[in-house]
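# Structural overview
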Amino acid sequence: MYYIILSILFPVLSGVYLLVRKEMKSRKNLLWTMGVFLVITAALVVLVLCTPQEGLMTLFNLTERLPILFKVDEVSVVFSVMAVVIFLCAGFFSFEYMKHEEKEKRYYGFYLIVLGILLALCFAGNLITFYLFFEMLTLASMPLVLHSGSREAIMAGLKYLFYSLSGAYMALFGLYFVETYGNTLTFSPGGVISTQAAAEHGAILLGIAFAMLIGFGVKAGMFPMHAWLPAAHPVAPAPASAVLSAVIVKAGVLAIVRVVYYIFGASFLRGTWVQKAWMVLTLITILMGSMLAYREPVLKKRLAYSTISQVSYILFGLSLMNRDALTGSFLHVLCHGFIKAALFLSAGAIIYRTGKTRVEQLRGIGKEMPVLMWCYTILSLGLIGIPPMCGFVSKWYLAEGALSCGIAGFNWIGPVILLLSALLTAGYLLPITLQGFFPGADYDYGALKKKEPSWLMTVPVLVLTVLSVVIGLFPGGLIQYLLQMIEKIL
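Predicted model, so just to flag it, every value in this text is computed and none were measured.

Here we take up empty space enclosed by the protein. In the structure shown here, the tally under the stated rule is one cavity of 30 Å³ or more. Each pocket or cavity is described by its volume, and for the largest cavity that value is around 60 Å³. Lining the largest cavity are Phe79, Met82, Ala83, Leu118, Leu121, Cys122, Val247, Lys250, Ala251 and Leu254. Of all elements in the fold, only helix H3 (74–97), helix H4 (104–123) and helix H9 (238–264) reach the threshold of two or more residues within the lining of the largest cavity. With four residues, the top contributor of residues to the lining of the largest cavity is H9. By residue class, the composition of the lining of the largest cavity is nine nonpolar, no polar and one charged.

Written out as structure tokens, the structure reads:
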């Protein structure tokens, strides 16, 4: 069980070491040190997941009734694997990308601390432990947004801080009531609200559940608390944008999974106004995010709006509270994570090699960077949901879950909005491919120069692209694993 603590403490202490240490003799030493720290952290997580874990591990007690607990379960496995893979890929990508950024050591220090805190969230065993690290995540990830020090970055960082803290306080308000009316704060499949508490205080508890959904939904970019995301993600360095958009927003998803299925319980919320209001908010977010992405001319900001939409696919599936929808949601956690991380890294490589940040400037980019743009195209097809990519499998299950949800209106409007969003996704991703590979007869082919990024940038994108394809081609084993988990929480 102590491997859990080691997997959390090692990246955090490694990050602190980089922050307090004086400048290293050479950049090469810094990169080797950072690479070793990342690989050791990944190895520790693998050790945690491969070692049989039984029961809860108490680190210490805040009070007699508030222990800091850790535990590994199926949800921990899904989110921790996604986090480690993406942090490894984005970390090695940054070895090249961060050449043109200042204060690399500071960046890598906070990068490692954020990874450690995310692992603590994955392995948290109760709500108070989760909440403490959830707050820490905001504070530790804010320097990644502020890294450039520009006025735009500072304003985006402040916006991120304001929204995140506002959401966290709503969740804290709910935590007080859960501690009062629940049997325990320890995460338990099916929930911890007793039948007696549900009967006597049902109305209050429903209101509290909705407040916590909105509060934790801030980190996931759910309407109406989504505005921080398109401001914060584009101003960060590209590898930081990748982990912000692919992993850190999933902290909000993980929080909602824990609150709905491990604290309140699906049986308590199913069929209530909370479920229906939550479904409405997720569908609004899906459509709104896609429409804003379609209209956005700045590439990284377009991808940020896309994240708002795609993460709410996951939340919509969670709100349906049936087996197919949950299967689609957890599949999309991985699919969106790998695809969106790779798309942000692709955008970073384009910016690094060409300096181009706007979509209209990317005409002919496929001729200049063919390998990268083929990866971009395959990833785009996955995000749209074209078979046999992983996005098709996850969205298939989401649509099946919506059709069989049994809630009048939502059983048809849900699939319709998913389809409209897929069409809009094609509309804002594929034109970059078409104009990139087919720039037209008036394109100056004589001025064409190959600008393919180095292997340090290309390999991480290739790895994430291959993972997204493999999950789409061979989803059977993963789906069986998810179904075993879903049976427990339903």
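Having seen it, we continue.
A word on the pairing of strand S1 (residues 57–63). The side chains of a regular strand alternate between the sheet's two faces. Direction of pairing for S1 relative to strand S2 (residues 66–70): antiparallel, over a ladder of five bridges. Following the sheet pairing, threonine 58 is matched in S2 by leucine 69. Between S1 and S2, which follow one another and run antiparallel, lie two residues.

Now for the environment of tyrosine 17. By secondary structure assignment, the location of tyrosine 17 is in helix H1 (residues 2–20). Since its relative accessible area comes to 35%, tyrosine 17 is described here as partly exposed. Residues in contact with tyrosine 17, not counting those within four places in the same chain, are Met24, Thr33 and Phe37.

What counts as what
Residues numbered from 1 in each chain as written. Predicted model: local features only at pLDDT ≥ 70, side-chain atom pairs only at ≥ 80, totals over all residues. Heavy atoms only, no water. 1 Å grid on protein atoms, 1.4 Å probe; cavity = no way out; pocket = protein on both sides within 12 Å on 5 of 7 lines; lining within 4 Å. Points joined across faces, edges and corners; volume = space filled by probe spheres on them. Helix = DSSP H or I, 4+ residues; strand = E, 2+ residues; numbered from the N terminus. Nonpolar A, V, L, I, M, F, W, Y, C, P; charged D, E, K, R; others polar. Pairing = 2+ DSSP bridges. Buried < 20%, exposed > 50% of the residue type's maximum accessible area, 1.4 Å probe, protein only. Contact = heavy atoms within 4.5 Å.

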